[in-house]
Amino acid sequence: MLKCSYDALNGIFAKIAENAKLYLPADKDGKTDYTKWAEGVEWSNALNTARSPKDFFFPQVEDLMKFKVEGKSIAIDDIREESEDFVVFGVRACDVRSFDILDRVFLIEPYDSYYASRREHGVIISCACTRPTETCFCKTFGIDCTNPGGDITVWRCEDALYWQANTEKGEKLLGTLGLESADESAVNAQKEQTARIMEKLPLAKLTTEGFGGGKTMELFNKPEWKSLSEACLGCGTCTFVCPTCQCYDVKDFNTGNEIIRYRCWDSCMYSDFTKMAHGNNRLSQVERFRQRFMHKLVYYPENNEGIFGCVGCGRCLAKCPISMNIVKVMKTIGGSAE
Ligand code: SF4
Ligand code: SF4
């Protein structure tokens with residue numbers, strides 16, 4: 001375990017930024033989001049960012065390639081830019097877990113080389129939670145917010161910031177920062193304090209019981225989907241703020257001179273999602289709504305050794321304009337006690 005004083009932090013950020021772009025949560029216009037560090041950018045005190053760090057590895061829009069067609073020949077221009085080293089600092093435990101979920105989608109054969117390259121070049125420095133709030137339920141999915149993982153973990157204790165490397169990549173970076181050794185007593189005390197807060201949170205007893213692989217037909221046919229989905233606007237906000245949603249569309253844009261092939265996030269809540277020549281698979285909002293939650297709570301765990309596709313970050317609880325969210329679905333469809 002290593003530590004640094006809060007006064008030294010700016011110098012450490014500068015040192016990291018010498019060799020890689022550094023992003024950290026910062027406050028701007030009443031909102032907290034990841035911001036590129038430069039002298040004067042302050043690390044936020046907020047619990048989490050509005051948008052998740054998924055954006056760094058799977059951006060909302062990205063150009064994949066350009067091509068020109070002349071007669072029967074096609075010239076492809078590989079324009080990928082995702083090979084720069086970068087560091088994302090201050091990632092919470094829920095968002096760290098989201099990368100395990102995304103990896104199981106993008107890094108299986110045929111693996112997604114755009115995402116894979118960013119995973120290779122990105123270092124994740126997590127930050128343990130000290131003030132989990134009423135919309136947090138990471139514990140439901142077996143996540144320990146006091147021990148968030150990533151390549152390096154930091155603990156924001158009263159006297160100092162404590163650092164620990166968890167991977168080879170993390171060791172390498174931490175070794176360059178010149179931090180002093182420390183014992184673990186302050187970190188252990190903080191972990192216990194946070195665990196006590198977690199136990200008192202309103203969603204502390206929310207369970208995944210009733211969900212998981214093998215329950216497809218039982219849950220798919222529940223009549224409650226209709227009333228739950230009735231007010232859904234199909235706006236897709238829940239999917240865009242979600243750190244684990246990974247659906248995208250691939251489109252071509254003709255500049256008049258060449259074609260740019262790009263991909264952009266899509267949402268299973270949209271009426272034209274996965275629309276095919278014969279029409280759409282899901283014609284009503286109730287079907288689209290059910291798909292989102294069945295995917296996270298039944299289909300994903302069925303295909304991924306029981307791992308759920310939600311990390312309990314609470315963003316959909318905070319952002320849905322009609323206050324619908326995965327917790328309400330779990331309580332209504334799965335009958336979770338709290
Ligand atoms: S559940 Fe809420 S955020 Fe998601 S699409 Fe419906 S209205 Fe929008
Ligand atoms: S479904 Fe909601 S709580 Fe779960 S990971 Fe996505 S945004 Fe977070």
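Residues numbered from 1 in each chain as written. Chains lettered and ligands numbered in written order. Predicted model: local features only at pLDDT ≥ 70, side-chain atom pairs only at ≥ 80, totals over all residues.

S.K.: Would you explain the site of ligand 1 in this entry?
M.R.: Around ligand 1, the surrounding shell consists of Cys-232, Leu-233, Gly-234, Cys-235, Gly-236, Thr-237, Cys-238, Met-269, Cys-320, Pro-321, Ile-322 and Met-324. Looking at side-chain class alone, the shell around ligand 1 contains nine nonpolar, three polar and no charged residues. (Near = placed C-beta within 6 Å. Nonpolar A, V, L, I, M, F, W, Y, C, P; charged D, E, K, R; others polar.)

S.K.: Honestly, the domain arrangement of the chain in this entry has me stumped. Any pointers?
M.R.: The parts lose accessible area when they come together, and the size of an interface is often stated as this lost area. If you check the domain split of the chain, you get domain 1 (2–50 + 77–200) and domain 2 (216–333). Between the C-alpha centres of domain 1 and domain 2 there is a distance of 27 Å. At the junction of the two partners, domain 1 supplies 16 residues and domain 2 supplies 15 residues. For the side of domain 1 that touches domain 2, the per-class residue count stands at nine nonpolar, four polar and three charged. (Domains from an automatic or database assignment. Contact = placed C-beta atoms within 7 Å.)

S.K.: Help me out: how do you make sense of the pairing of strand β3 (residues 31–36) in this one?
M.R.: Two faces belong to every sheet, and in a regular strand the side chains alternate between them. In this sheet, β3 lies alongside strand β2 (residues 21–28) in antiparallel orientation, the contact comprising six bridges. Residue pairing across strands places Asp-27 opposite Thr-32, the latter belonging to β3. (Pairing = 2+ DSSP bridges. Helix = DSSP H or I, 4+ residues; strand = E, 2+ residues; numbered from the N terminus.)

S.K.: Would you mind going over the nonpolar core with me for this structure?
M.R.: If you look at the biggest cluster of nonpolar residues, it comprises 69 residues, and the most contacted ones within it are Tyr-23, Leu-24, Val-88, Ile-125, Cys-138 and Val-154. Other than its neighbours up to four places away in sequence, Leu-24 contacts Tyr-34, Thr-35, Trp-37, Trp-43, Phe-89 and Gly-90. (Core = buried A, V, L, I, M, F, W, Y, C linked by C-beta atoms within 7 Å. Buried ≥ 20, exposed ≤ 12 C-beta atoms within 10 Å, placed from the backbone.)

S.K.: Where do I start with the sheet that holds strand β6 (residues 86–91) in this structure?
M.R.: Think of a sheet as strands paired side by side through backbone hydrogen bonds, with each pair either parallel or antiparallel. Strand order in this open sheet of eight strands is β3-β2-β6-β7-β8-β9-β1-β10, and the pairing throughout is mixed. Among the strands making up the open sheet, the edge pair consists of β3 and β10 (180–181). Here strand β8 (residues 152–156) runs beside strand β9 (residues 161–165); their pairing, made up of five bridges, is antiparallel. Within β9, the position partnered with Thr-153 by the bridge is Gln-164.

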